[in-house]
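Here is what each chain is made of, one letter per residue.
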Amino acid sequence: MKIAVFEVEEWELPAFDEIKKDHEVVTVHEPLNPGNAGEYADADIVSTFIYSELRKGTLEKLNALKLIATRSTGFDHIDLGYCREHGVTVSNVPHYGETTVAEHVFGLLLTISHRLADAIDRTRKGDFSQTGLRGFDLLGKTLGVVGTGGIGRHVIDIAKGFSMDVIAFDVAPDKKFAEE
C-alpha cells in the first residue's frame, strides 16, 4: 500500500518508521494541493494537516485513493461530498489539542488583559516603567464561546476557574451540558 504523508515536520519523521516496514511511505514537507497531487496519483492513503487543499480539483487527481487521514480535529479542508461519492473514507483526530488550544486561548487573553506583550517588549529594552501598562482582571468578565465541542468545553472550564461568566452557542446544543 502506498501512503503519502503531507505537511510533515522533521520531528515527526521517526513516527513513520514502523509502517515503512510493510508499506511504501512518502513524506512531503509541503501541503497537498492541485499542483502537486498528480505526483501522488497512485497513493492509496494520504495523510495531511490543515493546510492541504482536499477539494475536487485535488482529489480527482488521486486515482487510487481509499483513505484520507487528516492529522487534525477539523476537516473543513476536505470535500466530504466528493469523498462520499467516490468511496473515500475520511478520518480525523477528534480530540486533538483540546487542552492545548483552550490553554492557548487563555494565554492570549492574559496577554491582552495584562498588557504582557508591551511589558515584555519594554523590559527587553531596559525600560521598567509601568506607565500605560494597567490591565484588567478576567474575574467577572463575560466570555462568549462559539462551539461547545471538546475545545469549547475546556475553554468554559478554564473560564469558570477565573470566575468568569460564560455564554455559549452551538449548532447542536447539549441541554445537559448547558444545565451543568
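Computed from a predicted model, the values in this text were never measured in an experiment.

Engineer: Any chance you could break down the packing of helix α3 (residues 98-113) against helix α5 (residues 150-161) for me, citing the residues and the numbers?
Structural biologist: For the pair α3 and α5, interaxial distance at closest approach is 8 Å and the crossing angle is 45°. It follows that α3 is oblique to α5 by the angle criterion. For α3 against α5, the interelement crossing comes out right-handed. Contacts between α3 and α5 involve E98, T99, V101, A102, E103, V105 and F106 on the former and, on the latter, G150, I151, H154, V155, I158 and A159. The residue inventory of the contact of α3 with α5, partitioned by class, reads eight nonpolar, three polar and two charged.

Engineer: So, the pairing of strand β4 (residues 67-70): which residues are in play, and what are the values?
Structural biologist: The pairing of strand β3 (residues 45-48) with β4 spans four bridges and is classified as parallel. Note on β4: the bridge partner recorded for T48 is T70. Of the strand pairs in this sheet, β4 and strand β5 (residues 89-91) are connected by three bridges, and their pairing is parallel. Bridged to I68 within β5 is V90. Note on the crossover from β4 through helix α2 (residues 80-85) to β5: the handedness is right-handed.

Engineer: Before we move on, could you go through the environment of A69 and cite the residues and values that matter?
Structural biologist: Note on placement: A69 falls in strand β4. Along the sequence, A69 and V93 sit 24 residues apart, while their C-alpha atoms lie 8.6 Å from each other. If we ignore the near neighbours within four places in the chain, the residues touching A69 are V46, S47, T48 and S91.

Calculation rules
- Residues numbered from 1 in each chain as written.
- Predicted model: local features only at pLDDT ≥ 70, side-chain atom pairs only at ≥ 80, totals over all residues.
- Heavy atoms only, no water.
- Axes fitted to C-alpha atoms, helices over the stretch in contact; angles between N-to-C directions.
- Helix = DSSP H or I, 4+ residues; strand = E, 2+ residues; numbered from the N terminus.
- Parallel < 35°, antiparallel > 145°, perpendicular 65-115°, else oblique.
- Left-handed = near helix turned anticlockwise from the far one by under 90°.
- Contact = heavy atoms within 4.5 Å.
- Nonpolar A, V, L, I, M, F, W, Y, C, P; charged D, E, K, R; others polar.
- Pairing = 2+ DSSP bridges.
- Right-handed = clockwise from strand over helix to strand, strands pointing away.

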